[in-house]
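Chains, contacts and geometry: an overview
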Amino acid sequence: MTRDTTIDPRQEILRAAARLFQQQGYDGTSMNDVAAALKLSKGGLYHHFQSKDEILFNLMDHAMDITEDRVINAVRGIADPEARLRALIRLHISVVLSIRDREITVMLHENHPLSPPLRKRINARKKEYVHFVEKLIAEVQLARGSKSTVNPRAATFALMGMINWIYQWYRPEGALSEEGLVRQYTEIFLAGAFQ
């Protein structure tokens, strides 16, 4: 493998680790596997990351950066709460299904191995996102004058669960297109949370 010197070595390591964690799982991937995938010595790998835990944390932190940039920041400027929620659902699904962003599926699948201090930092970022969505759902309920007894927090966790599980079963070559999936998930959620 010819290494491009313009690419940040840490990013190169993270991309390779994300691919390996996605294919083999965190527990099934060793630091030797990551080093071998990049044709690096183990010492060269440890020059950039002290542990597999540190690599996993950096992948998850980057996944939260992607979510913040492509979902939260992208919908903030939408004035109408329902239009903002519809956009959030579409963008969140798009991020989960993005083939190039393996960090997302690694984060969704491999949260348990992080050490408690690192898990606490990632969970704090996840909670910020949950609160953002919860507040938005409450705004939509209010704007619609909804008589729904669905709690915004419960609705948030239902929505996140629906979307975050897609990576487990969705196949782009299957009968359901991404756009069709967005329409159906939006319809299911809006009919259930706001009636």
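Quick look at the structure, then.

The rules behind the values
- Residues numbered from 1 in each chain as written.
- Predicted model: local features only at pLDDT ≥ 70, side-chain atom pairs only at ≥ 80, totals over all residues.
- Heavy atoms only, no water.
- Core = buried A, V, L, I, M, F, W, Y, C linked by side-chain atoms within 4.5 Å.
- Buried < 20%, exposed > 50% of the residue type's maximum accessible area, 1.4 Å probe, protein only.
- Helix = DSSP H or I, 4+ residues; strand = E, 2+ residues; numbered from the N terminus.
- Contact = heavy atoms within 4.5 Å.
- Expected span 1.5 Å × (residues − 1).

As a further point, take the nonpolar core. In terms of nonpolar packing, the biggest core is built from 60 residues, with I55, L85, L88, I93, L159, I166 and F189 touching the most fellow members. Looking at this core element by element, the count peaks at 11 residues for helix α4 (residues 52–75). Not counting residues within four places of it along the chain, the set of residues in contact with I166 comprises I93, V96, L97, L181 and Y185.

We now examine helix α7 (residues 116–144). Counted at 1.5 Å a residue, the expected span for α7 with its 29 residues is 42 Å, and the 41 Å between its end C-alpha atoms agrees. Taken together, the buried positions of α7 are occupied by L118, I122, R125, Y129, V130, F132, V133, E134, L136, I137, V140 and Q141. For α7, the secondary structure elements touched by its buried residues are α4, α5 (81–97), α8 (152–164) and α10 (178–193). Following α7 by one or two positions, G145 has its phi on the positive side, about 60 degrees.

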